[in-house]
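Below, each chain spelled out in residue letters.
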Amino acid sequence: MNKFKLPLLLAAIVALSSGCDQAPVFPVEPQIEFLDISPKEVRNLRDSVVVRFRFQDGDGDLGRDNNAENDLLLIDTRHEDVAGLSRQDATIGYSLMLLTPDARKPAIQGEIAVTIPVVAVLPLPGNEEDDVRFQIELRDRAGNLAKGIDGSEEVYTDYIRVYK
């Protein structure tokens, strides 16, 4: 009877350790999902805006060692409709800190909240108010551009109203 206890005990330990300590499996290309932008109405030169989104990354290569490059961009989509306003002029760049410096299991997921300064959401010239929406772009260290968790190619925030 004792000769059956050891293999059974080993099998139980293997089953428990493999079932309890599994990291989530995500694609190595990052994925994001817009959660919230607030407030929904902002006053020029008075209010800031917070954008929240969820991320997943299968190999955990989000963020920069030296924070030298902008790996997170929020792009004011109004540039597409206004002559003379370039995509670069309408882009706010952020550098994420290295999220997994010594990860044993690098698959990561979580939420990020970014604050946009008020000067970045001014109404366009001649307007007392404007509706603004941002495109969220996130790149990992391998250069992979995040797609939406829902499979979309581009991820956008909801619209907010900006008043002078």
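Residues numbered from 1 in each chain as written. Predicted model: local features only at pLDDT ≥ 70, side-chain atom pairs only at ≥ 80, totals over all residues. Heavy atoms only, no water.

Following the criterion strictly, the structure yields 11 salt bridges and no others. A salt bridge links Arg-43 to Asp-47; the shortest N-O distance between them is 3.1 Å. Assessed through its relative accessible area of 16%, Asp-47 is described here as buried. For Arg-87, the salt bridge identified is with Glu-137, shortest N-O distance 2.4 Å. With Arg-87 in the loop between strand S4 (72-76) and strand S5 (91-94) and Glu-137 in strand S8 (residues 134-138), this pair connects stretches of sequence that are 50 residues apart. Residue Glu-137 is classed as buried on the basis of its relative accessible area, which comes to 11%. (Salt bridge = Lys/Arg side-chain N within 4 Å of Asp/Glu carboxyl O. Buried < 20%, exposed > 50% of the residue type's maximum accessible area, 1.4 Å probe, protein only. Helix = DSSP H or I, 4+ residues; strand = E, 2+ residues; numbered from the N terminus.)

A separate point is unusual backbone geometry. With an omega dihedral of -5 degrees, the bond running from Ser-38 to Pro-39 counts as a cis peptide bond. Its place among the elements puts Pro-39 in the loop between strand S1 (31-38) and strand S2 (41-43). Positive phi is not limited to glycine here, since Leu-45 has a value of about 65 degrees. With respect to the helices and strands, Leu-45 occurs in the loop between S2 and strand S3 (49-57).

In this structure, Ile-116 and Ile-136 are the most contacted members of the largest nonpolar core, which totals 27 residues. Filtering out sequence-adjacent residues up to four positions away, Ile-116 remains in contact with Ser-48, Val-49, Val-51, Leu-74, Ile-92, Tyr-94, Val-121 and Phe-134. (Core = buried A, V, L, I, M, F, W, Y, C linked by side-chain atoms within 4.5 Å. Contact = heavy atoms within 4.5 Å.)

Right, let's talk about the sheet that holds S2 for a bit. The three strands lie next to each other as S2-S11-S7, forming an open sheet whose pairing is mixed. At either end of the open sheet lies a strand with only one pairing partner, and these are S2 and strand S7 (129-132). Direction aside, the axes of adjacent strands within the sheet are offset by 25 degrees on average. Of the strand pairs in this sheet, S2 and strand S11 (residues 160-163) are connected by three bridges, and their pairing is parallel. (Pairing = 2+ DSSP bridges. Axes fitted to C-alpha atoms, helices over the stretch in contact; angles between N-to-C directions.)

Further remarks concern the confidence of the model for the chain. Note: predicted coordinates in regions of low pLDDT should not be interpreted at a detailed level. Counting all residues, the mean pLDDT for the chain is 80, and 78% of those residues have values of 70 or more. Of all the helices and strands in the chain, helix H1 (residues 2-20) carries the lowest mean pLDDT, 43, while S1 carries the highest, 97. Contacts for the low-pLDDT stretch residues 1-21, under 50 throughout, to residues beyond four places or in other chains number two contacts. (pLDDT = per-residue confidence, 0-100.)

Spatially, four strands are ordered S5-S4-S8-S10 in an open sheet, and the strand pairing comes out antiparallel. Both outer strands of the open sheet, S5 and strand S10 (155-156), are each paired with one neighbouring strand and no more. Bridge analysis of S4 against S5 gives four bridges, and the strand direction is antiparallel. Bridging across to S5, Leu-74 finds its partner in Ile-92.

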